[in-house]
Amino acid sequence: NVGLQIRGHSAPFSVDKTPPEVLEMPKLSMQFSLKPGTQYDRSVISLGWRFEDPESPVSSHSISVRTHHDSQGPVDSLLVGDVAQVTTTLSEASHLKDGNRYVASVTACNAGGLCSTGEAPEFLVDASAPHLGGFVDGLLWENSGTGSVVHLSWGGFDDAHSGIAVYYIMVS
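Keep in mind that what you see is a predicted model, and the values were worked out from it rather than measured. (Residues numbered from 1 in each chain as written. Predicted model: local features only at pLDDT ≥ 70, side-chain atom pairs only at ≥ 80, totals over all residues. Heavy atoms only, no water.)

Engineer: Would you mind going over the overall build of the protein with me for this structure?
Structural biologist: Helix and strand counts for the protein come out as zero helices and 11 strands. Across the protein, helices and strands are ordered from the amino to the carboxyl terminus as β-β-β-β-β-β-β-β-β-β-β. Expected size for 172 residues packed as a compact globule is a radius of gyration near 16 Å; at 27 Å, the protein overshoots this value by more than 25%. Counting only C-alpha atoms and orienting by the principal axes, one finds that the protein spans roughly 115 × 40 × 20 Å. By the burial criterion, 28% of the 172 residues in the protein qualify as buried. Long-range pairs, those at least 24 residues apart, make up 60% of the contacts in the protein with a sequence separation of at least 6. Total accessible area on the protein is roughly 11,700 Å²; 53% of this is exposed by carbon and sulfur atoms. Separation of charge centres in the protein, based on 9 positive and 19 negative side chains, amounts to 9 Å. (Helix = DSSP H or I, 4+ residues; strand = E, 2+ residues; numbered from the N terminus. Rg over C-alpha atoms; globule rule 2.2 N^0.38 Å. Buried < 20%, exposed > 50% of the residue type's maximum accessible area, 1.4 Å probe, protein only. Contact = heavy atoms within 4.5 Å. Areas by Shrake-Rupley, 256 points an atom, 1.4 Å probe, with all protein chains shown as cover. Lys, Arg positive; Asp, Glu negative; His and termini not counted. Charge placed at Lys NZ, Arg CZ, Asp CG, Glu CD.)

So, in structure tokens, the structure goes:
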């Protein structure tokens, strides 16, 4: 041993101790919905969100979708990379079930391997048409000097999942 040594050092670096921050919670796209909190297309999931990490970059996002009463769902974990929204078509075996309520969550991980999760509000899948009702006896049509007036009543229309929002009546 002649007592020789060598020393080296690296450039300074910092250790990220914090996970990404959720700036915008995941939200279901209204592209496949006619009413907030519902979705009519069983074959697709479309979400948007926003995470940020000022110390190290967000490197990946993963999505999971589960029913409101079970931890299992049609999407257990879908890795989507560093994006802020996704629309994905589900395989036929994974289609959402009509009448079920689902919760979608997005987990963002930074380059340090630290992760945080945001959850979208629960949504209902309503892919079925309302039950057809009919008109009640007592239809009355009156002609007046400025136009016509129709008096009518109906019943029996129903929608088991999300209710009926509006009726459209056509008179000819």
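Continuing now.
Engineer: Just to check I follow, could you spell out a nonpolar patch on the surface for this structure?
Structural biologist: Taken together, Phe135, Trp141, Trp154, Ile164, Tyr167, Ile169 and Val171 make up a surface patch of nonpolar side chains, about 690 Å² in accessible area. With respect to the element layout, Val171 can be found in the segment after strand 11 (147–155). Residue Val171 is classed as partly exposed on the basis of its relative accessible area, which comes to 45%. (Patch = residues over 30% accessible without salt bridge, like charges linked within 9 Å, V, L, I, M, F, W, Y side chains within 5 Å. Salt bridge = Lys/Arg side-chain N within 4 Å of Asp/Glu carboxyl O.)

Engineer: Mind showing me how you'd approach the environment of Ala104 here?
Structural biologist: Positionally, Ala104 belongs in strand 7 (residues 101–110). Here Ala104 falls in the buried class, since its relative accessible area comes to 0%. Between the C-alpha atoms of Ala104 and Ser46, which are 58 residues apart in sequence, the distance is 9.9 Å. With residues near it in sequence (within four places) discarded, Ala104 still touches Leu47, Ser64, Val65, Gly118, Glu119, Ala120 and Phe123.

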